[in-house]
Amino acid sequence: MSEKLTQTARDALPALLPEWSATAGRDALQRSFRFRDFNEAWGFMTRVALLAEKHDHHPEWSNVWNRVEITLSSHDAGGLSARDVALAQAIDEVAGDTQR
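Here we summarise the structure given alongside this text. (Residues numbered from 1 in each chain as written. Predicted model: local features only at pLDDT ≥ 70, side-chain atom pairs only at ≥ 80, totals over all residues. Heavy atoms only, no water.)

## Topic: the overall build of the protein
Link 1 in the chain: Scanning the protein from terminus to terminus reveals 3 helices and 4 strands.
Link 2 in the chain: Helices (α) and strands (β) of the protein occur, in sequence order from the N terminus, as α-β-β-α-β-β-α.
Link 3 in the chain: A compact globule built from 100 residues should have a C-alpha radius of gyration of about 13 Å, and the protein, at 13 Å, falls within 12% of that.
Link 4 in the chain: When the 100 residues of the protein are sorted by exposure, 38% land in the buried category.
Link 5 in the chain: Taking as baseline every contact in the protein between residues at least 6 positions apart, the subset at least 24 positions apart corresponds to 66%.
Link 6 in the chain: Here the protein has roughly 5,800 Å² of accessible surface; of this, 53% comes from carbon and sulfur atoms.
Link 7 in the chain: Within the protein, one finds 11 positive and 15 negative side-chain charges whose respective centroids are separated by 5 Å. (Helix = DSSP H or I, 4+ residues; strand = E, 2+ residues; numbered from the N terminus. Rg over C-alpha atoms; globule rule 2.2 N^0.38 Å. Buried < 20%, exposed > 50% of the residue type's maximum accessible area, 1.4 Å probe, protein only. Contact = heavy atoms within 4.5 Å. Areas by Shrake-Rupley, 256 points an atom, 1.4 Å probe, with all protein chains shown as cover. Lys, Arg positive; Asp, Glu negative; His and termini not counted. Charge placed at Lys NZ, Arg CZ, Asp CG, Glu CD.)

Encoded structure:
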């Protein structure tokens, strides 16, 4: 079972994950991605899906044409955990320069 992030860890999040923001009304992180087209967005989602399987931690997400919205929270911890931070960092690496 995951444990919620400490306040010290939460305070470090803006520097560690500058593109991610707190989700209103939830103990979660979110980020929006934009791509050239649907095909590029779907390819990104496929890469993230494989990555999520490796992390055994799966995002909440949605896709509309060239946009992908991702929300991370650990249900077993009841909020943000180190697993969310690790997956967010890995997603940022996958996104790399493909985002427009």
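Still more ground to cover, so stick around.
## Examining the packing of aromatic side chains
Link 1 in the chain: This structure, assessed with the given rule, holds 5 aromatic pairs.
Link 2 in the chain: An aromatic cluster is defined as three or more aromatic residues linked by ring pairs; in this entry it consists of Trp-20, Phe-33, Phe-35 and Phe-44. (Phe/Tyr/Trp six-rings, centres within 6.5 Å; stacked < 30°, edge-to-face > 60°.)

## Some points on the nonpolar core
Link 1 in the chain: Grouped together as the largest cluster of nonpolar side chains are 22 residues, with contacts concentrated most on Trp-20, Phe-33, Phe-44, Val-68, Ile-70 and Ile-91.
Link 2 in the chain: Elements with a contribution of two residues or more to this core: β2 (29-34), α2 (38-55), β4 (67-72) and α3 (82-95).
Link 3 in the chain: Apart from residues no more than four positions distant in its own chain, Val-68 is found in contact with Arg-31, Ser-32, Phe-33, Phe-35, Ala-41, Phe-44, Met-45, Ser-62 and Asn-63. (Core = buried A, V, L, I, M, F, W, Y, C linked by side-chain atoms within 4.5 Å.)

## Thoughts on unusual backbone geometry
Glycine aside, residues mostly have negative phi angles, and peptide bonds mostly take the trans form.
Link 1 in the chain: You will see that Asp-56, though not glycine, has its phi angle at about 50°, which is positive.
Link 2 in the chain: Looking at the element boundaries, Asp-56 is found in the loop between α2 and β3 (60-64).
Link 3 in the chain: Its relative accessible area of 54% is what places Asp-56 among the exposed residues.
Link 4 in the chain: Within the chain, Trp-65 stands out as a residue other than glycine whose phi angle is a positive 45°.
Link 5 in the chain: For Trp-65, the position within the fold is in the loop between β3 and β4.

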